[in-house]
Amino acid sequence: SVTTLGTCVFQECTSLTTITIPKNILYLDYLLFKSCTNLEQVIIEGNLTMIGNQTFSGCTNLKKLIIPNTVTEIGYKAFDNCTNLKEITLPNTITTITEGMFKDCTSLIDVTLPEGLALIPNASFNGCIALEKISIPSTVITIDNSAFRGCSSLTDVEIPGSVEQIDFLAFHNCTSLENIIIPDSVVSLGGSAFSGCKNLRNIELPDNLVSIGSSAF
């Protein structure tokens, strides 16, 4: 039986509103549902292990997605520009998230990240203007370039004591952020990491900080 839905199979099927992924499907290949602009509901029945690059990119009517705990890998920009996606939970079977995964998901307000992540990659949540808070897992070591750039509603972020590096533009233009505590574990703060955070009132920097990039604040 079929185990893979291949590249671009349903790309730009703009009248598609609902799809059920049956138990025999293990892989969703890249660009599979890209720009299915009326896709609202995806039902995954189980056994799926991989969601490919840009699989749901541009699915602008997708509001919610439950990813089963059989999934271990999600490709880059898998959900970028899903402008109506409001909530998503990533199971603990996922140990890495990828570049631009939720970029420009402008309605995203609630995301649950799995424990075990070591990296919040480049532009993961860039442009998520509705995101108000984020819980960063206690295993994360690096918050990469532009990870939360332009998250203009973000008011609450707790950086765990595992983080060692906050990179270039990581929280740039998070205009609702008022307080930030950088834990003792952080040794490197990238350039413009918090630039444009015009409402930032209180900053706590650790004694162990070795490097602060230009225009960090």
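None of the values given here were measured: they were computed from a predicted structure.

A.B. asks: Help me out: how do you make sense of the sheet that holds strand 9 (residues 110-112) in this one?
C.D. replies: The strands that make up a sheet pair up through hydrogen bonds in the backbone, lying either parallel or antiparallel. Strand order across the open sheet formed by three strands is 6-8-9, with parallel pairing between neighbours. Either end of the sheet is taken by a strand with one partner, and the two such strands are strand 6 (64-66) and strand 9. Put simply, the sheet's adjacent strands are angled 10° from each other on average, direction ignored. Of the pairings in the sheet, the one linking strand 8 (residues 87-89) to strand 9 comprises three bridges and is parallel in character. Across the sheet, Glu87 pairs through a bridge with Asp110, a residue of strand 9.

A.B. asks: I keep staring at unusual backbone geometry and nothing clicks. Help me out?
C.D. replies: One can expect most non-glycine residues to show negative phi and most peptide bonds to be in trans. Within the chain, Asn81 stands out as a residue other than glycine whose phi angle is a positive 60°. As for its placement among the helices and strands, Asn81 is situated in the loop between strand 7 (73-74) and strand 8.

A.B. asks: What am I meant to see in the side chain of Asn126 here?
C.D. replies: Relative to the helices and strands, Asn126 resides in the loop between strand 10 (119-120) and strand 11 (133-135). Taking relative accessible area as the criterion, Asn126 reaches 15% and is therefore assigned buried. The residues contacting Asn126, other than those within four sequence positions of it, are Phe102, Lys103, Asp104, Ser146, Ala147 and Arg149.

Definitions and limits used
- Position labels on residues start from 1 in each chain and follow its written sequence.
- Per-residue local features are limited, in this predicted model, to residues with pLDDT of at least 70; the limit for side-chain atom pairs, both in listing and counting, is 80 or more; totals at the level of whole chains, interfaces and linings are taken over all residues.
- Only hydrogens and water are set aside when side-chain values are computed; all heavy atoms of the structure are taken into account.
- For two strands to be treated as a pair, DSSP must find no fewer than two bridges joining them.
- Only DSSP runs of H or I reaching four residues or more are called helices, and only runs of E reaching two or more are called strands; each is numbered from the N terminus.
- Axis lines are fitted through C-alpha atoms, for helices just across the contact stretch, and the angle between N-to-C directions can take any value from 0 to 180 degrees.
- The rule is simple: take the accessible area with a 1.4 Å probe, protein chains only, and divide by the maximum for that residue type; under 20% is buried, over 50% is exposed, in between is partly exposed.
- Only heavy atoms enter the contact rule, under which two residues are in contact if any of them lie within 4.5 Å.

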